[in-house]
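Chain by chain, the residues:
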Amino acid sequence: MYAFSMDNPFFRFVGRVVDLVWINIMTLICCIPVVTAGAAISAMYKILIQIVSDEEGAITRGYFRAFRENLKNATKIWFPALAALLVLGGNAFLIYKGVLKEMGTLQTMAGVSIGILAGVLIVFLQYALALIARFDAGLKQSLKNAILLEVAFFPRSLCILAILFFPVALMLLSNYFLWFWFLYGISIPGYFISMILHGVFMKTDSIHKEENHD
């Protein structure tokens, strides 16, 4: 009878795969207006961190509740970050087209600087959107904590950036990987990032408890 039990590792794995597909679909749909993409990603992290930390509940209801609750703060983070990324992307495109080729090594330095800034901003977004979903600390405190965590856990921040780049790399290799994006391109990277973020949040919580105890 255990072979057909929902506690069977196989059925748990299949259930997790189905959950990730559904979370990916909800996130993609909520990202379509662009203006709501920040809230969509924040809600995704809310659900995925709950799954990682074994706090599972109703996925659909929980997702849209988090989406509504964090819409205002997530949008305040998302809009400036998106504008900055568009500016960086525009500059990167101009460099790619050789606008600065007469400037020699300066073109290379500019390209590297843009890449670093974009990477820092993208990782900062993951911390910030996850923090406002997970904790009720207010927008300013969440932004401050996001900066501190990105620096304090720099190796993990690099891992987050690498995970985010993985589905992009797949699509650059072949158009056949577009199906991956529609099914798992947001939720699977988000799942592994949530594992990292959950570890970071647990570690910082333990540090705060030790400081309060002392």
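Residues numbered from 1 in each chain as written. Predicted model: local features only at pLDDT ≥ 70, side-chain atom pairs only at ≥ 80, totals over all residues. Heavy atoms only, no water.

S.K.: Requested: an account of the overall build of the protein chain, with residues and values cited.
M.R.: Looking only at helices and strands, the protein chain has eight helices and zero strands in total. Start at the N end of the protein chain and walk to the C end: the helices and strands fall as α-α-α-α-α-α-α-α. The proportion of buried residues among the 214 residues of the protein chain is 38%. Of the roughly 12800 Å² that the protein chain leaves accessible, carbon and sulfur atoms contribute 70%. (Helix = DSSP H or I, 4+ residues; strand = E, 2+ residues; numbered from the N terminus. Buried < 20%, exposed > 50% of the residue type's maximum accessible area, 1.4 Å probe, protein only. Areas by Shrake-Rupley, 256 points an atom, 1.4 Å probe, with all protein chains shown as cover.)

S.K.: Give me the packing of aromatic side chains: which residues, what numbers.
M.R.: Inspection of every chain in the model, using the stated rule, returns three aromatic pairs. Measuring from ring centre to ring centre gives 5.3 Å for Tyr 63 and Phe 64, while their planes differ by 80°; the resulting arrangement is edge-to-face. The exposure class assigned to Tyr 63 is buried, which follows from its relative accessible area of 0%. Taking the relative accessible area as the measure of exposure, Phe 64 reaches 32% and is therefore partly exposed. For the ring pair Phe 135 and Phe 201, a centre distance of 5.2 Å and an interplane angle of 75° mean the geometry is edge-to-face. Within this pair, whereas Phe 135 is found in the loop between helix H4 (105-134) and helix H5 (139-152), its partner Phe 201 is found in helix H8 (residues 187-213), the two being separated by 66 residues in sequence. For Phe 135, a relative accessible area of 31% corresponds to the partly exposed category. (Phe/Tyr/Trp six-rings, centres within 6.5 Å; stacked < 30°, edge-to-face > 60°.)

S.K.: Could you give an account of the layout of surface pockets, with specific residues and numbers?
M.R.: By volume, the largest pocket is sized at about 640 Å³. Lining of the largest pocket is provided by 25 residues; of these, Ile 41, Ile 122, Gln 126, Leu 164 and Trp 181 occupy positions nearest its centre. If you list the elements that add at least two residues to the lining of the largest pocket, you get helix H2 (37-52), helix H3 (59-96), H4, helix H6 (154-173) and H8. Among the elements that take part in the lining of the largest pocket, H6 stands out by supplying six residues, more than any other. Here the lining of the largest pocket is built from residues that sort into 22 nonpolar, three polar and no charged. (1 Å grid on protein atoms, 1.4 Å probe; cavity = no way out; pocket = protein on both sides within 12 Å on 5 of 7 lines; lining within 4 Å. Points joined across faces, edges and corners; volume = space filled by probe spheres on them. Nonpolar A, V, L, I, M, F, W, Y, C, P; charged D, E, K, R; others polar.)

S.K.: Can you lay out H5 for me, pointing to particular residues and giving the numbers?
M.R.: Over its 14 residues, H5 extends 20 Å from the first C-alpha to the last, a length consistent with the 20 Å expected when each residue adds 1.5 Å. Within the sequence span of H5, burial applies to Ser 142, Ala 146, Leu 149 and Glu 150. The arc that holds the buried residues of H5, viewed along the axis, is 100°, so those residues lie on one side. Relative to its buried face, H5 has exposed residues pointing more than 90 degrees away, namely Lys 140, Val 151 and Ala 152. (Expected span 1.5 Å × (residues − 1). Arc of directions from axis to C-beta.)

S.K.: Before we move on, can you summarise the nonpolar core with the specific residues and values?
M.R.: Among the nonpolar cores identified, the biggest contains 49 residues, and Ile 23, Met 44, Tyr 45, Tyr 63, Tyr 127, Leu 197 and Phe 201 are the most heavily contacted of them. Mapped by element, the contributors of at least two residues to this core are helix H1 (9-31), H2, H3, H4, H5, H6, helix H7 (178-184) and H8. In this view, Leu 197 contacts Tyr 45, Ile 49, Gln 126, Tyr 127, Ala 130 and Ile 160; residues no more than four positions away in its chain are not counted. (Core = buried A, V, L, I, M, F, W, Y, C linked by side-chain atoms within 4.5 Å. Contact = heavy atoms within 4.5 Å.)

S.K.: Give me the lowdown on H6, citing residues and values where you can.
M.R.: For the α-helix, the turn length of 3.6 residues means that residues three or four positions removed from each other point alike. Here H6 spans 28 Å end to end across 20 residues, near enough to the 28 Å set by a 1.5 Å rise per residue. At Phe 166, H6 shows its largest bend, some 30°, and a proline, Pro 167, comes one to four positions later. Looking only at H6, the buried set comprises Ser 157, Ile 160, Pro 167 and Leu 170. (Bend = angle between axes of the 7 residues up to and from the residue.)

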